Each structure stands twice: as C-alpha cells, then as structure tokens.
Amino acid sequence: MHPVLLLLPALLCTACATAPSAASHRAQSHAAASPAYLDTLGRRIWANECAGSVQGLVSWNAGEAFPSLGIGHFIWFPAGVHEAFEESFPHFVAYARRRGVQVPAFFNGPAPWPNKAAFLADRSGRADAMRRWLAAHVSLQTEFIVARSRASLPAMMRASRTPQAVQQRYAALAATPQGMYCLVDYVNFKGEGVKPEERYNGYGWGLLQVLESMRATSAAAAPAEFSRAASAVLTRRVQNAPAVRGEQRWLQGWLNRCRTYGN
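Residues numbered from 1 in each chain as written. Predicted model: local features only at pLDDT ≥ 70, side-chain atom pairs only at ≥ 80, totals over all residues. Heavy atoms only, no water.

Draft legend 1. Local environment of the overall build of the protein. Across its full length, the protein carries twelve helices and three strands. Burial statistics for the protein: of 263 residues in total, 53% are counted as buried. Within the protein, contacts between residues separated by at least 24 positions form 63% of all contacts whose residues are at least 6 apart in sequence. Accessible surface computed for the protein: about 11,400 Å², of which carbon and sulfur atoms make up 56%. (Helix = DSSP H or I, 4+ residues; strand = E, 2+ residues; numbered from the N terminus. Buried < 20%, exposed > 50% of the residue type's maximum accessible area, 1.4 Å probe, protein only. Contact = heavy atoms within 4.5 Å. Areas by Shrake-Rupley, 256 points an atom, 1.4 Å probe, with all protein chains shown as cover.)

Draft legend 2. Seen up close, the packing of aromatic side chains. Inspection of the entire model under this criterion finds 21 aromatic pairs. Between the aromatic rings of Tyr186 and Tyr261, the centroid separation amounts to 6.2 Å while the plane-to-plane angle is 65°, which identifies the pairing as edge-to-face. Separated by 75 residues along the polypeptide, Tyr186 in helix H9 (residues 177–190) and Tyr261 in helix H12 (residues 248–261) bring together distant segments of the chain. For the pair formed by Tyr186 and Tyr261, the shared burial category is buried. Taken together, a centroid distance of 5.9 Å and an interplanar angle of 40° make the contact between Trp250 and Trp254 tilted. (Phe/Tyr/Trp six-rings, centres within 6.5 Å; stacked < 30°, edge-to-face > 60°.)

Draft legend 3. Structural context of helix H3 (residues 35–50). In a regular helix each residue adds 1.5 Å, so 16 residues correspond to 22 Å; H3 covers 22 Å between its end C-alpha atoms and thus fits that length. Here H3 has its buried residues at Tyr37, Leu38, Leu41, Gly42, Ile45, Trp46, Glu49 and Cys50. At the exit of H3 stands Ala51, carrying a positive phi of roughly 55°. (Expected span 1.5 Å × (residues − 1).)

Draft legend 4. How the structure looks around the sheet that holds strand S1 (residues 58–59). If you walk across this open sheet you meet the three strands as S1-S2-S3, and the pairing is antiparallel. One side of each edge strand has no neighbouring strand; the edge strands of this open sheet are S1 and strand S3 (74–75). (Pairing = 2+ DSSP bridges.)

Draft legend 5. Highlighting the nonpolar core. Residues Phe89, Tyr186, Leu207, Leu211, Phe226 and Tyr261 are the most contacted members of the largest nonpolar core, which totals 75 residues. Looking at which element gives the most residues to this core, the answer is helix H7 (residues 138–159), with nine residues. Excluding its chain neighbours within four sequence positions, the residues that come into contact with Leu207 are Ser152, Met156, Tyr170, Leu183, Tyr186, Val187, Gly191, Glu192, Gly193 and Phe226. (Core = buried A, V, L, I, M, F, W, Y, C linked by side-chain atoms within 4.5 Å.)

Structure follows, in structure tokens:
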C-alpha cells in the first residue's frame, strides 16, 4: 500500500471518533484515496507555497531570519536564531531518514547560511542541489505534511478550552477531500497553534485558532466556513503583529490562499 494511505485512515478515524455515522462513512471512503489524489494534494500545497516552481523550493523571504524549504516551505533556523515560529525542516529530515531515504549530509544541523545576504551570495551550488533533491521527493514531503496533520488533533484538543467543538469541526472537515485539503494545508501553512510563544497580544493564528473560530456546520459546508474563519484569524494576526515585522504586506496573499479552502 502507498505509505500515505497508511497515514490517512488513522488520521481520519481519529478525527471522526465522535462524528455522525454519515460523516464517518465519507471519511472512511476518502481514506482510500488514490495515489493520484495524494499527488494532487502535494502539488496544491507546492503551488500555494512556491507557485509550483523548483526555484521556490529553497527561498528566503524578505523580513525573515531563516530560509524556507520544500513544497511546504519548511522553516530552517541558522545557528543562533530563535523565533516564535516552529522549526519544521529538521523534523522533515528526521522523517525522511525514518522512511529510509538517503538525505544529503548538509541537511544536518542548522541552516548553512547565517542570513539572507549570505544565502544570496552563495555560489557553492548548495541551494540548487537542495532544490533538485526536494523536487525529486515531493511525495515524501506530502506524506510528512499529512503525518503532521494526523498528529495535530490530540495536541490541539489538549490546548483548547472547547476540545469537543474542535474535534467535531475537525471531523466535519476530514469527511470530504476539500476539507482534508483545508486541514493538511493550513497546519503546514501556519502550524497547529498550540505553542504559547506563537501569539501576538495573546492571539494565536494556527489551525487550533481557526477551528475554534468556526461556527458549527455540516461537512459539506465546513470548507467554506473554514475559509471564513482562517481569513479572520490571519487578519487578526496582522492587526496584532509588531509593526517592525510589516506583516500587512503578506496579508493579501494569505487571504488569497484562504479562499482556496472554500473552493
């Protein structure tokens, strides 16, 4: 069986533990998604994060102290950098090794560039080598992103004051392919939302906060409601962000991405 297919049923069964039987049936049907569907999921995430380009698989965004890698723009901190955001690239590397995939040696440790200027000035070919490796392992990255979503629900329920509502909304989304896309893409996009450090003025912006902001709805309408809630959560993030970060410049792109959740 395709490795991701081993992950999806566990994710969906966990999410649907308290869902109505009809939703559970749809979720179980979706658990048998074909490798073609999973390829489509990975390419949608790649398009969201890097416009589907190989060049975008290794990049350094303006105003950030770290590079972003892969179809999920996994964060990788240089030595000495400590941010509120969760560093995900080392977790992906560890996942790849557990799967028995050979990983280039320079993927170990901190990012090899201390800052964006050094990244742009690097003529070693290291960034292009990383792009080639990442482009050749898109399905592996998709598996990792799905596994991360699978692991997020218990942690979100522990962190929430309304765990049953979070579980029910997660289950409603997990019952359809579009809802599953919402869950998988957003947790990769903005994280789980469970870390106390990932807050501005006490407000988080992860998947937990989106689920808590959703109104109760049917499985069919859940993606549209998720889209609305995600837009509101990210708008609130920008309103509370430190002015020095200039996050307003990213908001329109974030809202464009949120609109894909309702389609």
